[in-house]
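Results of the structural survey
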Amino acid sequence: MIDKFQDSVQEAVADIPDGATVLVSGFGGAGHPTELLHALLAQGARDLTMVSNNAGNHELGLAALIKAERVRKMICSFPRGSHSYVFNQFYAEGRIELECVPQGTIAERLHAAGAGLGGFYTRTGYGTELAKGKDVREIDGQWYVFERPLHADYALVLAEKGDRWGNLTYNKTARNFGPVMCQAAKTSIVQVKHKVELGDLDPEVIVTPGIFVQRVVVVSNPQFSS
């Protein structure tokens, strides 16, 4: 019988090794799997490459990992925000690497990884530092930059409901990067608020099919996640 539910967030992240590339869902303050991130902090993995829309807020979740010196490199679209002071300090001191990727580009790089594509051309970033060292090509009179897929070892994702097969639904905009990150990672670990029985989710409203999810853990009353 397929049952992807884990007993705890600690069990769900227990095998994430040093040096792993980890995707983290969320946009601004919505959709962050904060309890999974805190479990990863307690687990002790370090030298991590973290991929997210932004570089953490306050000293919670992703920012807590950075503060504990567990993150070697940050790949994100918005490294500096009103509450990203931990990352700002580390970057200013040369204690963390940064790869800044435009938001649409990072989403499409994740999609390319999940879809098995070798990459794609985009006009975004052409003529800027973001295109440095990348292949550029003129197509129909417009210049494009070639971007490669963004693969990962693990994805940590927040969803609203999940069944034992790993089928997921999300709460409004909290779906942001979650679905595409589940597709791009070798192992997707999803924190859900509600465990539902198989068949309770209408197939027409399932956003992420269980084929893209390896582990699910219930956090019914998350302290920090939105």
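Here's what I pulled together on the structure shown here. (Residues numbered from 1 in each chain as written. Predicted model: local features only at pLDDT ≥ 70, side-chain atom pairs only at ≥ 80, totals over all residues. Heavy atoms only, no water.)

Here the focus is the environment of Gly56. Relative to the elements of secondary structure, Gly56 occurs in the loop between strand S2 (48–54) and helix H3 (62–67). Each C-alpha atom, one on Gly56 and one on His32, is 9.5 Å from the other, the two residues being 24 residues apart in sequence. (Helix = DSSP H or I, 4+ residues; strand = E, 2+ residues; numbered from the N terminus.)

Let us look at the pattern of salt bridges. Scanning the model with the defined rule gives ten salt bridges in all. The partner of Arg95 in a salt bridge is Glu93, and the shortest N-O contact between them spans 2.6 Å. (Salt bridge = Lys/Arg side-chain N within 4 Å of Asp/Glu carboxyl O.)

Below, the discussion takes up the sheet that holds strand S7 (residues 142–147). Taken in spatial order, the three strands of this open sheet run S5-S7-S6, and their pairing is antiparallel. Bordering the open sheet on either side are strand S5 (120–122) and strand S6 (136–139), each of which pairs with just one other strand. With direction set aside, neighbouring strand axes in the sheet form an average angle of 40 degrees. Sheet topology places S5 next to S7; three bridges connect them, and they run antiparallel. The partner of Phe120 across the bridge, within S7, is Glu147. Docked against the sheet, helix H5 (residues 103–115) engages S5 and S7, running at close to 170 degrees with respect to S5. (Pairing = 2+ DSSP bridges. Axes fitted to C-alpha atoms, helices over the stretch in contact; angles between N-to-C directions. Contact = heavy atoms within 4.5 Å.)

What follows covers the environment of Val86. Turning to its location among the elements, Val86 is positioned in helix H4 (residues 85–92). Val86 gets classed as buried once you look at its relative accessible area, which sits at 6%. (Buried < 20%, exposed > 50% of the residue type's maximum accessible area, 1.4 Å probe, protein only.)

When S6 meets S7, the two strands line up antiparallel, connected through four bridges. Bridge assignment links Ile139 to a residue of S7, and that residue is Gln142. Adjacent in sequence and paired antiparallel, S6 and S7 are bridged by two residues, among which Asp140 carries a positive phi angle near 50 degrees.

This part covers unusual backbone geometry. Not every positive phi belongs to a glycine, and Asp47 is a case in point at roughly 60 degrees. By secondary structure assignment, the location of Asp47 is in the loop between helix H2 (34–43) and S2. For Asp140, which is not a glycine, the phi torsion comes out positive at approximately 50 degrees. Looking at the secondary structure, you find Asp140 in the loop between S6 and S7.

Now for the side chain of Arg70. By the element assignment, Arg70 lies in the loop between H3 and strand S3 (71–78). Buried and without a salt bridge, Arg70 has Asp18 as its closest oppositely charged side chain, separated by 7.8 Å. Excluding anything up to four places from it in sequence, Arg70 contacts Leu40, Leu41, Gly44, Ala45, Arg46, Asp47, Leu48 and Leu65. (Lys, Arg positive; Asp, Glu negative; His and termini not counted.)

Where H4 is concerned, the buried positions are Val86, Phe87 and Phe90. When H4 is viewed along its axis, its buried side chains cluster within an angular range of 95 degrees and face the same direction. Residues of H4 that are buried sit in contact with H3, S3 and strand S4 (97–100). Trailing H4 by a residue or two, Gly94 shows a phi angle of about 70 degrees, which is positive. (Arc of directions from axis to C-beta.)

Let us now look at H5. In this model H5 runs 18 Å from its N-terminal to its C-terminal C-alpha over 13 residues, within 8% of the 18 Å that 1.5 Å per residue would give. Listing the buried residues of H5 in full gives Thr105, Ile106, Arg109, Leu110, Ala112 and Ala113. For H5, the angular spread of buried residues about the axis comes to 155 degrees, placing them on one side. Taken from the residues just after H5, Gly116 is the one with a positive phi, measuring 75 degrees. (Expected span 1.5 Å × (residues − 1).)

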